[in-house]
Amino acid sequence: MQWTDRIRQVKIILVAAAMIIAVVSLVVSHILVDDMKVEEKNNMEVWAKALHALNKADENTDLTLVLSVIESNNTIPVIVLDYKDNVMDYRNVRIHASNAEDSLIYVSEYGKRLKDNGKYIVINIGDSNREADTQKVCYDESVMLKRLASYPYIQLGVVLIFVVVAIFALLSSKRAEQNKVWVGLSKETAHQLGTPISSLMAWVEILKETYPDDLLIPEMDKDVKRLQLIADRFSKIGSLPEPVPSSLNDVIDHVVDYMDRRTSKNVTMIKEMTDDNIMVNINPQLFEWVIENLCKNAVDAMEGKGEIHIRVEKQHGKAVIEVSDNGKGIKKKDIKNVFTPGFTTKKRGWGLGLSLAKRIVEEYHHGRIYVKNSEVGVGTTFRIEVNY
């Protein structure tokens, strides 16, 4: 549990750091864009004064500097309108091929939009203050400024995609590594159990012949066969077991019979099954393991006293199994982690039971297992869904 909490804290820190970097990047870019807007506006004011000087010039005026200022604007779109909003001149306006035939109309509408947005400077070209002697120098942001304004968002989008791909790759790598560990551990466990189990089976046969009337030897034989079943289950982890048509009712009966003989009399097992036998394509040995694991967790949650309800039914073309208990329940913050390898709320435990159960149900049988509901102090219900 401490390990998962540490991982959660690291994730929160990384997300917070990413958010801070994103906010700082946007703020800095916004400041730069605002500075450029002010600079472009100042440049347009100088350009408008140069245009005003050009209109006021006579034959004795030196226009070298004026023309230099006017010609220096190669980036900012400018449209000069008269007092009736007719286009007098324009520069740096990109006209698309679709608007080539009506370019003057396009420029006129463009200039009016800029004027309506307040992006214009009024200059007087006459000797009076009449409106007829005024012109409006309408201007827009340069292409470079527009690109700079959108660049931080593009950059953040690229970074976000990179982060998502990196996280996906890390998770895939982690999952593949976990699979290798599980497979290796399971195969090695099955291999190590094989030899002593074979010896025990031989000794049981000798005891049967030596003491044919002993009532304890058949029980020993059942336990040895149980060990053989467990070893066989471990050997199937890591390979795709062949599913066969099996009765869910029989699977539940086997689990309940096994749990009844190995749990306290204070634990009551209650079965709720339909009258018709539900047949599904599963590996019965592994599927029994899943139900047993849920029942054992329920016994631990109830601290050896309570009721376990196992319900089997058909719903929307699926076979549904629900295992409920009236134990201590699961905290809401822990529900999403119960299937995470290594997560456990027990003082003693590896935290692998539910993760293996999830692997068996979802990867081997293409079904689904999840916590349907849980309430602290009331109990928990696990739900399994598999196709017919």
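Just so it is clear, the structure is predicted and the values come from calculations on it, not from any experiment.

### Description of the sheet that holds strand S6 (residues 267-273)
Hydrogen bonds between backbone groups are what pair the strands of a sheet, and the pairing can be parallel or antiparallel. Pairing within the open sheet is mixed, and its five strands lie in the order S6-S8-S9-S11-S10. The two strands at the open ends of the sheet, each matched to only one other strand, are S6 and strand S10 (368-375). Averaged over all neighbouring strand pairs, the angle between strand axes comes to 15°, with direction disregarded. By the bridge criterion, eight bridges tie strand S8 (residues 306-315) to strand S9 (residues 318-325) in an arrangement that is antiparallel. Along S9, the bridge assignment pairs Arg311 with Glu322. Those strands touched by helix H9 (residues 353-364) are S10 and strand S11 (379-387), and its axis lies near 135° from that of S10.

### Topic: the pattern of salt bridges
Under the counting rule described, the total for this entry stands at 23 salt bridges. As a salt-bridge pair, Arg261 and Asp257 come within 3.3 Å of each other at their nearest N and O atoms. Within this pair, Arg261 and its partner Asp257 are both found in helix H6 (residues 248-262), separated by four residues, close to a single helical turn. The class for Arg261 is partly exposed, based on a relative accessible area of 43%. By relative accessible area, which is 42% here, Asp257 ends up partly exposed. Linking Arg383 and Glu385 is a salt bridge whose minimum nitrogen-to-oxygen distance equals 2.8 Å. Since its relative accessible area comes to 8%, Arg383 is described here as buried. With a relative accessible area of 14%, Glu385 lands in the buried category.

Analysis parameters
- Residues numbered from 1 in each chain as written.
- Predicted model: local features only at pLDDT ≥ 70, side-chain atom pairs only at ≥ 80, totals over all residues.
- Heavy atoms only, no water.
- Pairing = 2+ DSSP bridges.
- Helix = DSSP H or I, 4+ residues; strand = E, 2+ residues; numbered from the N terminus.
- Axes fitted to C-alpha atoms, helices over the stretch in contact; angles between N-to-C directions.
- Contact = heavy atoms within 4.5 Å.
- Salt bridge = Lys/Arg side-chain N within 4 Å of Asp/Glu carboxyl O.
- Buried < 20%, exposed > 50% of the residue type's maximum accessible area, 1.4 Å probe, protein only.

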